[in-house]
Amino acid sequence: MARWCYRHRLVVLLLWVGALLGLGFAASTAGTSYANVFSLPNTDSKSAFDLMQKAFPESSGDTDTVVWKVDGGTVRDQAVRSRIEPALDEIGRMKGVGGVTSPYAGDRGAAQISGNGRIAYAEITFTEQANGVPKELIQDVVDTAQKAGNGSLQVELGGQAVQRVEEPPTGIAEVVGLAAAAVVLFLAFGSLFAMLLPIGIAIFGVGTGLFSTQLLSHVTDVPEVAPLLASLIGLGVGIDYALFIVTRHRKGILRGMEPEDSAATALNTSGRAVLFAGGTVCIALAGMLVTNLRFLDGVVIGTSLTVVLSVIASVTLLPALLGFLGPRVLSRKQRRKLAADGPEPERTSGLAARWSGTVQKRPIRIAALALVVMAVLALPVLSLRLGASDQGNNDASSTTRKAYDLLAEGFGPGFNGPLQVVTEGGDTTALVKGIQAADGVARVAALPPTHGVSVIQVVPTTSPQSEKTDQLIDTLRDEVIPAAGAEAHVGGVTAIFKDFASVTGDRLPYFIATIIGLGFLLLMVAFRSVVVPLTAALMNLIAAAASFGVLVAVFQWGWGLDLLGLGKEGPIQAFLPVIMLSLLFGLSMDYQVFLVSRMHEEWVHTKDNARAVRVGLAETSRVINSAALIMVCVFLAFVLSGDSGAAMAGVGLAAAVALDAFILRTALVPAAMHLLGNSNWWLPVWLDKRLPHLAVEPKEDTVAEPAPADGDGGPTVVHGFVRDADGTPVEDAAVTLLSKGGRQLDRVASLADGSYILSVPAPGTYLLSVSAASYGSRARQLTVGGQPLVHDVELAEGEVDAVN
């Protein structure tokens, strides 16, 4: 498939461009139909909501507030009314505004003025829900209201519709994330064309995924947060997957392979790992389905579809683009060196090699240090509190936050999150008295029954995010309502989010068990080991605990919130653990697959665990760290999205990926594998026979294109001497014979006279690598015929290749 895409690159590119433009046109024509489905079956707040729907079957539009405060006098003064009332009248005449409830209208309006008379509010009811109100109308309302203010009269606005005009322009987070990723890619590759490849794949994958999700929103329930999360995860995996394949392709060209052969090899090796990794991400995302929370179904659809399309783009569009570039995927410096010096094997950077050797020498110390760091970061998770953020968590400079604070100042902290006690039939007198007598209740107002349903508005003395408000809800449900002998339910936004947090907490263990179990089975089948997937599962749990510890410290304790410009501290969004754990487990599995697949490859051929872990870490750590750095940039960019949930997910995932790549996969995992030794690869014989065989990477050909030979084509040898520049024999030099794909075929140490002899399986083209202590490495491509080949090597003092 890779060769076909490479050779028919124009056709493949046109198909992808056509798909992107076609889906984009269809999506823009059809528009969006995102539905904020929020169903919590078998909860008290859902029962209250159903009764409210029965009493008020026609749902009105979004209701927002205009709040004003005077420095002196009261809001009833004529000077204040002469400025506010004309503005409210003008707003009421705007097309799309259903009505305005003024505090200056009748006895009911008096309740909209604070006790000291300095703060008042008016309610603006739109004809549409917040998402359906045109932004132009919302901006006109905001401008008209704020024009009424002056030096002694502060006017602010709050509500869901108003918050929409405070959000930054759509797409700014994606653009910033792509720009940061481009810088990292350019530093990693040193080539503009190579840098553009992963960016292009991510754009095609995310673009087609988002357009498809938008179209699917017309036939199934997809929440509004789904495309934001899909773009967040799609950009990360799209760039990373292309990075892994392009890195392998560049290695192949540097080793002397033709671009087409190199592309085919890269897709048949790293491309397979990408398919496997993408599958693990989708399985982790699908784990959200076991929570039985309906609104998450649309999130699973959107994110999984974007990941699948990113994977398809990586294995079809990428080889086509590699065909257009040819050798230009290398930097100019690399192309000049390749032309002048000929092909050389890829050499691990000195830092990666030295670190790999250090981990092998001191596994206990490094493992202990890594565990201590992760444990310290995980400590805040012990105080994790799930809930909901509201406009009280917005930036202090925003009008919604100022309006929220003014309402809390004038009418009490609980005014921003009133509770509704809903009952059907019966006398509510005893119930109202019981609620009034309960601790934590500021005000109670019983509304006239409608369609046999009575609603009692309860204003707590504490804010919606306070733990005491949660305790009040429990008191009403467990004590007050039963004592009154009523059949009532506690609802409202605050109660809904409390129930959601409880449901999420109850189902979280099943969710975690599902995704860990499925990931364990996949890794066991791929790597024929029980210990490797167990290690991976444990590391995933450690990474999750540490990342949630960072989330609690930042968003719940407020550490660094001002620096990030993310408003005020509060509880962690109730839906975040499920979504973040799905993404985290999927991405962690990616890095585990790319790291351990290289270790497993070396283990299969050498049966030397120490070498397998050392080589695997040294050869993959750089690309994993580059991929992680890109992910961190993309995720942190979503702090700019204007959505508090996306900002939390961005910071949490950025922390998780950074800790996973730079501490777990670079230090703790290899250190643990060194300590476990050969038991890493243990699998019971009976289980091995029953498991299906799934190779993440296929076997490479041991021999590249056969060369003409004079002999019978059977095994032969390469032999010669290793000497320094003065002709002195070099003893104990490591002499290695490799296939053109980099597979080790034979390895010996030179004798006291510098002589060596290597076994060659058959005539063909090979790579000969030689290194020794205090000397630099030398590598040359050799063409071996049917007869023994003599090849002498001269080493000079220089950089030491620690891996070899």
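Residues numbered from 1 in each chain as written. Predicted model: local features only at pLDDT ≥ 70, side-chain atom pairs only at ≥ 80, totals over all residues. Heavy atoms only, no water.

**Topic: the sheet that holds strand β8 (residues 453–460)**
Under the convention used in this document: If DSSP finds at least two bridges between two strands, the strands pair. Working definition: helices are DSSP H or I runs of at least four residues, strands are E runs of at least two. Numbering for both runs from the N terminus. Note on definitions: angles span 0 to 180 degrees between N-to-C directions of axes, and those axes are lines fitted to C-alpha atoms, for helices only across the stretch in contact. Whether two residues are in contact is decided by their heavy atoms, any of which lying within 4.5 Å being enough.
Sheet architecture is open: four strands sit in the order β7-β8-β6-β9, paired in antiparallel fashion. Only two strands of the sheet have a single neighbouring strand rather than two, namely β7 (441–446) and β9 (488–491). For this sheet the average axis-to-axis angle between neighbouring strands, irrespective of direction, equals 20 degrees. In this structure, strand β6 (residues 419–424) lies alongside β9, joined through four bridges in antiparallel fashion. Each residue of the ladder has a partner; that of Q420, found in β9, is G491. Along the sheet face, helix α3 (residues 44–55) touches β6, β8 and β9 and points at about 100 degrees away from the line of β9.

**With respect to the pattern of salt bridges**
Our working definition: Salt-bridge detection follows one rule: a side-chain nitrogen of Lys or Arg within 4 Å of a carboxyl oxygen of Asp or Glu.
Enumeration according to the criterion identifies 13 salt bridges in this entry. The residue R3 makes a salt bridge to E260 at a minimum N-O spacing of 3.3 Å. On the criterion of sequence distance, the pair formed by R3 in helix α1 (residues 2–7) and E260 in helix α11 (residues 259–286) is long-range, its members being 257 residues apart. Where K69 meets E409, a salt bridge forms, and the shortest distance between an N and an O atom there is 2.9 Å. Residue K69 is found in strand β1 (residues 63–70), and its partner E409 is found in helix α16 (residues 399–411); the two are separated by 340 residues along the sequence. Each of R3, R7, E260 and D261 takes part in salt bridges that share partners, so that together they form one network.

**What about the confidence of the model for the protein chain?**
Condition: A score between 0 and 100, pLDDT records how confident the predictor is in each residue.
Per-residue pLDDT for the protein chain averages 84, and the proportion of residues at 70 or more is 93%. Averaged over each element, pLDDT in the protein chain is lowest for helix α5 (residues 106–109) (69) and highest for helix α15 (residues 363–378) (94). In the predicted structure, residues 700–711 sits below a pLDDT of 50 and forms 34 contacts with residues beyond four places in sequence or in another chain.

**Overview of the sheet that holds strand β16 (residues 778–784)**
The strand order β13-β12-β15-β16 describes an open sheet built from four strands, whose pairing is antiparallel. Each edge of the open sheet is held by one strand with a lone partner, namely β13 (744–749) and β16. Geometrically, the sheet is characterised by an average inter-axis angle of 20 degrees between neighbouring strands, direction not taken into account. Direction of pairing for strand β12 (residues 734–738) relative to strand β15 (residues 764–771): antiparallel, over a ladder of five bridges. Residue pairing in the sheet places A734 in a bridge with S771 of β15.

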